[in-house]
Amino acid sequence: QVRLVESGGGLVQAGGSLRLSCAASGRTFSSYHMGWFRQAPGKGREVVAAIRWSGSSTYYTDSVKGRFTISRDNAENTVYLQMNSLKPEDTAVYYCAAKYASGASYSSPTGYNYWGQGTQVTVSS
């Protein structure tokens, strides 16, 4: 089992920044690809960013490229999402997720089977 706990969400004005953190426990963190997903009201869950188990590769959905940065610290068992130039359309519950580093690519949304409880990000216009 992998336990994931997100933090860092909140209310911010458009153009502002937030940094989300996700602390992992339970298994060898470096054996897992990590992803950040979000779900806006009335919409499905979408992958925002993902990072390979080693940190050597990252993926971003088109709408956040150039604004968001995913990173990880395997020594601290933590993955981060730095969000800059936030827009009202970024408003959503953000979830951290993990999947074992075998099988599907880290950038594929399938196979993520460990999830955090979510943290709310609200961007006001």
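Residues numbered from 1 in each chain as written. Predicted model: local features only at pLDDT ≥ 70, side-chain atom pairs only at ≥ 80, totals over all residues. Heavy atoms only, no water.

Could you give an account of the overall build of the chain, with specific residues and numbers?
Across its full length, the chain carries zero helices and eleven strands. Along the chain, helices and strands appear, N-terminal first, in the series β-β-β-β-β-β-β-β-β-β-β. A principal-axis box enclosing the C-alpha atoms of the chain has dimensions of 40 × 25 × 25 Å. Counting only residues that meet the buried cut, the chain has 42% of its 125 residues in that class. Surface exposure of the chain reaches about 6,100 Å², of which carbon and sulfur atoms provide 45%. (Helix = DSSP H or I, 4+ residues; strand = E, 2+ residues; numbered from the N terminus. Buried < 20%, exposed > 50% of the residue type's maximum accessible area, 1.4 Å probe, protein only. Areas by Shrake-Rupley, 256 points an atom, 1.4 Å probe, with all protein chains shown as cover.)

Mind laying out unusual backbone geometry, listing which residues take part and the relevant values?
With a phi close to 55°, Asn77 is a non-glycine residue in the positive phi region. Here Asn77 shows up in the loop between strand E7 (68-73) and strand E8 (78-83). The partly exposed category is assigned to Asn77, whose relative accessible area is 28%. Positive phi values are uncommon outside glycine, yet Ser85 reaches one of about 50°. Note on placement: Ser85 falls in the loop between E8 and strand E9 (92-100).

Describe the sheet that holds E7, listing the residues and the values that go with them.
The four strands lie next to each other as E1-E3-E8-E7, forming an open sheet whose pairing is antiparallel. Whereas interior strands pair on both sides, the edge strands pair on one side only; in this sheet they are strand E1 (3-7) and E7. Ignoring strand direction, the axes of neighbouring strands in this sheet form an average angle of 15°. Two strands pair when backbone bridges link them, and E7 and E8 are joined in this way by six bridges, in the antiparallel orientation. Bridge assignment links Ile70 to a residue of E8, and that residue is Leu81. (Pairing = 2+ DSSP bridges. Axes fitted to C-alpha atoms, helices over the stretch in contact; angles between N-to-C directions.)

I'd like a description of the pattern of salt bridges, backed by residues and values.
As enumerated under the stated definition, the model contains four salt bridges in all. Linking Asp90 and Arg38 is a salt bridge whose minimum nitrogen-to-oxygen distance equals 3.0 Å. Residue Asp90 is located in the loop between E8 and E9, and its partner Arg38 is located in strand E4 (residues 32-39); the two are separated by 52 residues in the primary sequence. As far as the burial class goes, Asp90 and Arg38 line up, both buried. Of the charged contacts, one joins Arg67 and Asp90 as a salt bridge, the two residues approaching to 2.7 Å between their closest N and O atoms. Residue Arg67 is found in the loop between strand E6 (58-60) and E7, and its partner Asp90 is found in the loop between E8 and E9; the two are separated by 23 residues along the sequence. With respect to class, Arg67 is no different from Asp90; both count as buried. Each member of the salt-bridge network shares a partner with another, and the members are Arg38, Glu46, Arg67 and Asp90. (Salt bridge = Lys/Arg side-chain N within 4 Å of Asp/Glu carboxyl O.)

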